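The chain contents come next:
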Amino acid sequence: MLKPGEARAPGHTYQEAIAKDASQPPEAFLDYSYEFLGDQDIPYTHYTSHDFAQSEMEHLWPRVWQMACREEHIPEPGDYQVYDIGHLSAIVTRTESMQIKAYVNACMHRGTALKPPGDNGYCQNFRCPFHGWVYSLDGELLELPEDWDFPHVGAGTHSLREILVDTWAGFVFVNFDREAESLTEFLGVLPEHFRDFDIADRTIETHVCKRLPVNWKAAEEAFMEAYHVKETHAGGRDFSEPVTTYDVYPKNVNRFIHTVGSVNPRMAVPPSEQELMRALWGRRGPAEGDCPIVPEGATARDVYAEVIKKSLGAQYDMDFSHYSTAQTLDSIEYFLFPNFFIFPGLSLPMVYRFRPDPKDPDYSFFDLYFLRPTDSAKPQSPPPEPLMLDVQDSYTLAEGLGFLGAVYDQDTDNMAAQTRGFKTCAKGGQTLGNYQEVRIRHLHQRIKEYLEN
Amino acid sequence: MVASDLEMDALASDSRKVIQHEGFCILVCNTGGVHYAIENRCTHQDTSLDEGRIRNGFIACPLHGVRFDLKTGQPRGDLTRIPVRTFAVKQTGDRLLVQMHKADPHNEATT
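These remarks concern the structure in this document. Since this is a predicted model, take the numbers as computed values, not measurements.

Points about the packing of helix 3 (residues 50–59) of chain A against helix 13 (residues 438–452) of chain A
Residues and elements named next belong to chain A. Where helix 3 meets helix 13, the closest approach of the two axes is 9 Å, and the angle between their N-to-C directions is 70 degrees. Relative to helix 13, helix 3 is oriented roughly perpendicular. Between helix 3 and helix 13, the residues in contact are F52, S55, E56 and H59 and I447, Y450 and L451, respectively. Partitioning the contact of helix 3 with helix 13 into residue classes produces 4 nonpolar, 2 polar and 1 charged.

Quick notes on the sheet that holds strand 7 (residues 126–127) of chain A
Residue and element names in this part refer to chain A. Overall, antiparallel pairing links the 3 strands, which are arranged 7-8-9 in an open sheet. Here the strands that pair on one side only, and so sit at the sheet edges, are strand 7 and strand 9 (141–143). As paired strands, strand 8 (residues 134–135) and strand 9 are joined by 2 bridges and run antiparallel to one another. Bridge pairing in strand 9 places V134 opposite E143.

Notes on the interface of chain B and chain A
Taken together, the contacts link 17 residues of chain B with 22 residues of chain A. Taking both sides of the interface into account, the surface hidden between chain B and chain A amounts to around 1600 Å²; carbon and sulfur atoms contribute 44%. The largest share of the area that chain B buries against chain A comes from R53, R55 and H64 of chain B, three residues that together contribute 34% of it. In this structure, the connection of chain B to chain A is made through 6 salt bridges. Here D79 of chain A makes a salt bridge to R55 of chain B, at a shortest N to O gap of 3.1 Å. Taken together, chain B and chain A are joined by 10 residue pairs in polar contact (both at pLDDT 80 or more). Residues that form the side of chain B that touches chain A fall into these classes: 6 nonpolar, 6 polar and 5 charged.

Some points on the state of the cysteines
All names here are of chain B. Following the criterion strictly, the structure yields 0 disulfides over all chains and no others. You can see C29 has no disulfide; the closest cysteine sulfur is in C25, sitting 13 Å from it. Given a relative accessible area of 1%, C29 falls into the buried group.

The rules behind each value
- Residues numbered from 1 in each chain as written.
- Chains lettered and ligands numbered in written order.
- Predicted model: local features only at pLDDT ≥ 70, side-chain atom pairs only at ≥ 80, totals over all residues.
- Heavy atoms only, no water.
- Axes fitted to C-alpha atoms, helices over the stretch in contact; angles between N-to-C directions.
- Helix = DSSP H or I, 4+ residues; strand = E, 2+ residues; numbered from the N terminus.
- Parallel < 35°, antiparallel > 145°, perpendicular 65-115°, else oblique.
- Contact = heavy atoms within 4.5 Å.
- Nonpolar A, V, L, I, M, F, W, Y, C, P; charged D, E, K, R; others polar.
- Pairing = 2+ DSSP bridges.
- Buried area = accessible area lost by both parts, 1.4 Å probe.
- Salt bridge = Lys/Arg side-chain N within 4 Å of Asp/Glu carboxyl O.
- Polar contact = N/O pair within 3.5 Å; in protein donor to acceptor, adjacent residues only side chain to side chain.
- Disulfide = S-S within 2.5 Å.
- Buried < 20%, exposed > 50% of the residue type's maximum accessible area, 1.4 Å probe, protein only.

All quantities given are derived from atomic positions and should not be read as evidence of function.
Shown next, in the form of structure tokens:
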């Protein structure tokens, strides 16, 4: 008799599937790290209640590391990026000595925000638009107009309030809690698992920021499992993917990885490798050239990965021959609590960041980035301005998303329906699968730890 | 009265020039090989824009950092909602015609 959480879908696991690839996947991909975290329902009030949102704002958001921007947003002294979370706001900047620093975004005079929400740009110093108090890029109070009236004010007491900032893989993280653990400690296994990827050298190709009609946690949860894929993205039809692993790591990391282009062991009549190849070939719309023939003994996955590596290599003028089939094709999604997702794979290169809407727990903001690999020896163009989409706007307005625009719309439709259902459902909470939805439970477990401590 | 058009030499790539012309202070710049002309005055608090950094098609005001889209004149952020005035620039060989009577075609707000 299996204990709760021990059951798995019939057939092979993700790890067993990729072990058959022609190329050796990274060691971390073969790891199993599932843990049963309980099977109680998650109360709907955790999504809908203003008091719960307020509690998160008091006990969670001021104490966790959050991705504020990429280093490429602030390449030179004076470049800055504003990061807003709830009512909190930080300015992240590059100083004259090329250090990255972060400050609370408020003048030390009468509290005026120095920069508007979400702003980015360049300035020689931070100058308050109200009375003209000026701070250096190092945060020091430089100019105090009519200082005869402020004998009680000086750089020692009224310089900008610094907050913690650190970087990993080209991302700039901030933490409003000056007593917080280090970013390295917070990241846990992430740096080790990303050893075989060159994330620091990637740059933003597409950035879309959309307001979503759902609480930030439910928005994240929509991307934490592949259980929804068959219904939401394939109308309930049988298809050749995915085989997924779900893993949880202490304390802040979890992941799923699912195959692209492998045989789904649940299908009664499995497709041939050539049929799989044809499905992959049509994946990105009308592909150029003839669909390759899969040689006897080879797999569609391996043949298609070679095609992708060559075509992306030509597109970016880079060599991807060292990427394994799994690294090239699979949907590899890592989550860093509380609001950061990164896909290090080659053909699905996304980064997600979710933030609550401080005015209404039924809404949230979703930054979606596509990162492209770059040759760090070559000059890079600056990151694009984010395309801002409101609740009703379709992702297909963002050209850079390609065929995924319509897919994100399908996910968004579920979100609005969930928000409505949370409030009418008599049951009181979300019921979760023990294995496929364990990442959702992990998210709530971590939130609980912050709210109760 | 409408000012007459301004004729001038094209600028080297990634350079800029401030020109006084019939009561207007105009900032002409060449960024990445494309010329733009805007009024050299931030609509937020009236500062000259010409020392602002230009990147990615935007100029950042050196005082408080408001960024204006060089094509449309539209500001980013909420320090000001007023677009800066833009002028269409026509290039013929190494000469430019800054059309004072005509806003940049992208800029509907100032037409």
